[in-house]
Amino acid sequence: MFGRMITNPHLLFRRLLLVLFVWLLYLVWMGPVSRKSGTKIPASALTPAVIKRIMTSAALKNVTTWEEFEQMTKGLGGKSEEKEGQSYVLPVFPDNDTIFKHSQYQGFRDSVAFALKYNKSVVKVPFISESDDGPKMLTEWNKIFDDEKFNTIVTSVSIETFKKHCDQSGTQVVFWSSRNLEGYNKTRQLYKDLFDIDLPNADGLAKNERESLRKIKPETTCVAFYDPEGYSDHEGASNIAEKIDEHVVTSPEVNLMLDTFMKTVNRVCDNGMYLAMHWRNKTKEWCKDDDANGETCDSIKTKMTEVTSMIASTVSNIMRESKIKCVYVAYPVGSEEIVRFLNEQIQARRRIITANDIAMQYPDEFADGECRLLAEEEISLRANTFIGWPESTWSRGIVDRRKQANKDSSYFNELPELTIVANDYRLVFDLLFS
C-alpha cells in the first residue's frame, strides 16, 4: 500500500492535508479549552453533530472552559444527558389484540405534551410490532424519529436510565382515560417480558382518570403514562400539539423515502399537487374461504366491486374539480382492486402512487416496513386533500392532525355522491365502512 501511495503523489498529498487539518483543528479549537479548563475533552465528545457545529459556527472559537463547551453543544448528537434531580415519564402502550404502530407514534407525542406540562424527561421507549410468527418485535426510537430535533423541545432518556432510577414501588401509573384499563395487566406483563420493567399492580391504580391525574405532581420522580394517545386533545392543548409536531419529526431514513416520493410527485404531476386516500376492502376478512354463507358472500363481493368503482369515480371527480393530477393510495394487503378502478378513471397509472413506488432504504425487510408505515403517514399529512377511512384509527389520526394545520380532510362516507346511493348498498356500506 505504501508503495502505491509513493507512486501516486496526489493521493499522498490529499491524505497529508487531511491529517494536517485534523491536527490544526485540535490545536486551534480544543487546545484552549483543555488548557484553560484543566480538563481534557474526551474524543467521544466530538460527535458528527458537534463537528458540524464547530465548522459552521464562529461562536465556538471563543469557548475557553469545559462548562462553556457543554453549554454550546448541549443537545447535539441526539443524546440527552442524565442529570441530578431528573424526573421521568415512560409511555406505556396498551397491549390490545393488535398493537397499532400509528397509535404508539401518536401516544408518544401525547407523552411529550404530558412531559412539558409536568416538567419531566421522556423515556424513548422502543416501538412494539407484531410479527407473523407471533412474538413481539421492537424498533428503536431513533430509527423512526430524529433525535437531534427532538431534544430541542424536551429532555429525553433511554429506557435503561428509567430502569436505573425507577422501580415498582417508586413508579406511579397515570392514565387520562379508562377506555383500555381492562388490558393493563396484559400490558404490564408485556413490559416485563420486553423491557424487564416491573410496573405497579393493577390494584394500586387510581379509581378513575380524574383521580389519577390529580395525584400527579411535578416532583413525582417516576411516572408510567398508560395509554397516552389522545391526551393532548383531552387537555385542549392543540397549540402544544402543533409545537410538538414541529419537533417530533421523521428520521433521516424516513426522509429519504419522503424525498423519493416528492421527486416522483414533482416529476409526474403538473403542479406538484396530490390527493391522498386511505382505502380498505374488508370483504376478504368478512367472507372466509370456508364460510357457510358462500352465496351471500358472492353477492356482497359483486356489490363491493360496484361500490369500489363508484368510489374511484368520486375520487376522480374531486381531483378534476380541484385541479389535482395525482393520487396517493394507502391500502393494506387485499385491497389492491381500487388501483385498477382509479386507473380506468384517471387513464394514467403513473399518477396513481402507492407504497410500492417508494424506494426502499433498508435491506432489512422489517425495519423498512416500519419506515414505510411512517412515510405513508407523512405523505397523507402533506397532501393537498385527504380522504380517510371511517372507523379507522389511522385515518382518524391523520384527519385530526390535518385539522390542527387547517388542511382539507374528509371521510368516504361523508362524500355527497356516495351518500346518495348508500341506501341501495346499505349492507355493503355497513361492511365497507365498519
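See above for the structure.
In short, a report on the structure. This one's a predicted model, so the numbers in the text were calculated from it and none came from an experiment.

1. Notes on the side chain of Thr354
The residue Thr354 is located in the loop between strand E10 (352-353) and helix H17 (365-382) in this model. Discounting chain neighbours no more than four positions away, the residues touching Thr354 are Tyr328, Val329, Tyr331 and Val339.

2. Some words on the pattern of salt bridges
Summed over all chains, the structure comprises 12 salt bridges. With a closest N to O distance of 3.5 Å, Glu160 and Lys163 form a salt bridge. One end of the pair is Glu160 and the other is Lys163, both in helix H8 (residues 159-165) and three residues apart, which spans about a single turn. Exposure remark for Lys163: the relative accessible area of 27% places this residue in the partly exposed category. The partner of Lys215 in a salt bridge is Glu211, and the shortest N-O contact between them spans 3.4 Å. Taken together, the residues Lys215 and Glu211, both in helix H10 (residues 209-215) and four residues apart, mark about one turn of the helix. One salt-bridge network, in which partners are shared between bridges, spans Arg109, Asp245, Glu377 and Arg401.

3. So, helix H13 (residues 252-268)
Over its 17 residues, H13 runs 24 Å from end to end, which matches the ideal 24 Å to within 8%, given 1.5 Å per residue. Taken together, the buried positions of H13 are Val254, Met257, Leu258, Phe261, Thr264, Val265 and Val268. Down the axis of H13, the buried side of the element spans an arc of 115°, and every buried residue falls inside it. Exposed residues on H13 whose side chains face more than 90 degrees from its buried face are Lys263, Asn266 and Arg267.

4. Describing the nonpolar core
Within the largest apolar cluster, 75 residues are counted, with the highest numbers of intra-cluster contacts made by Leu90, Phe114, Phe150, Tyr191, Tyr274 and Tyr328. Of the residues forming this core, the biggest block, seven residues, is contributed by helix H5 (residues 101-118). Those residues in contact with Leu90 that lie beyond four places of it in its chain are Val123, Val125, Phe162, Tyr191, Ile197, Leu199, Val223, Ala224 and Phe225. Membership of the second largest hydrophobic core comes to 23 residues, among which are Ile338, Val339, Leu342 and Ile346.

5. Here we look at empty space enclosed by the protein
A full pass over the atoms with the stated rule returns one cavity of 30 Å³ or more. If you go around the largest cavity, the residues you meet are His102, Gln106, Arg109, Glu229, Glu377, Thr393, Trp394, Gly397, Ile398 and Arg401. Sorting elements by how many residues they give to the lining of the largest cavity places helix H18 (residues 393-404) first, with five residues.

6. Thoughts on the sheet that holds strand E1 (residues 88-92)
Pairing in this open sheet of five strands is parallel, and the strands run E5-E2-E1-E7-E6 from one edge to the other. Pairing within the sheet leaves two strands with one partner each, and these edge strands are strand E5 (156-157) and strand E6 (171-174). Where E6 meets strand E7 (residues 222-226), four bridges bridge the pair, whose relative direction is parallel. Counterpart to Val173 in the pairing with E7 is Ala224. Where helix H9 (residues 184-195) meets the sheet, it contacts E1, E6 and E7, and its direction lies at approximately 110° from that of E1.

7. Topic: the packing of aromatic side chains
Tallying each qualifying case throughout the model produces 20 aromatic pairs. Here the aromatic rings of Trp141 and Phe145 are separated by 5.5 Å at their centres, their planes lie at 45°, and the arrangement is tilted. Judged by relative accessible area, Trp141 falls into the buried class, the value being 2%. Centre to centre, the rings of Phe261 and Tyr274 are 5.1 Å apart; their planes meet at 80°, and the pair counts as edge-to-face. Of the two residues, Phe261 is situated in helix H13 and Tyr274 in strand E8 (residues 274-278); the sequence distance between them amounts to 13 residues.

8. Let's talk about the sheet that holds strand E12 (residues 408-411)
Strand order in this open sheet of five strands is E10-E9-E8-E11-E12, and the pairing throughout is parallel. Strand pairing shows two members of the sheet lacking a second neighbour, E10 and E12, which therefore form its edges. Taken together, the five bridges between E8 and strand E9 (residues 326-330) define a ladder with parallel strand orientation. Note on E9: the bridge partner recorded for Ala276 is Tyr328.

Reading the values: the criteria
Residues numbered from 1 in each chain as written. Predicted model: local features only at pLDDT ≥ 70, side-chain atom pairs only at ≥ 80, totals over all residues. Heavy atoms only, no water. Helix = DSSP H or I, 4+ residues; strand = E, 2+ residues; numbered from the N terminus. Contact = heavy atoms within 4.5 Å. Salt bridge = Lys/Arg side-chain N within 4 Å of Asp/Glu carboxyl O. Buried < 20%, exposed > 50% of the residue type's maximum accessible area, 1.4 Å probe, protein only. Expected span 1.5 Å × (residues − 1). Arc of directions from axis to C-beta. Core = buried A, V, L, I, M, F, W, Y, C linked by side-chain atoms within 4.5 Å. 1 Å grid on protein atoms, 1.4 Å probe; cavity = no way out; pocket = protein on both sides within 12 Å on 5 of 7 lines; lining within 4 Å. Points joined across faces, edges and corners; volume = space filled by probe spheres on them. Pairing = 2+ DSSP bridges. Axes fitted to C-alpha atoms, helices over the stretch in contact; angles between N-to-C directions. Phe/Tyr/Trp six-rings, centres within 6.5 Å; stacked < 30°, edge-to-face > 60°.

Worth remembering: the numbers are spatial, not functional.
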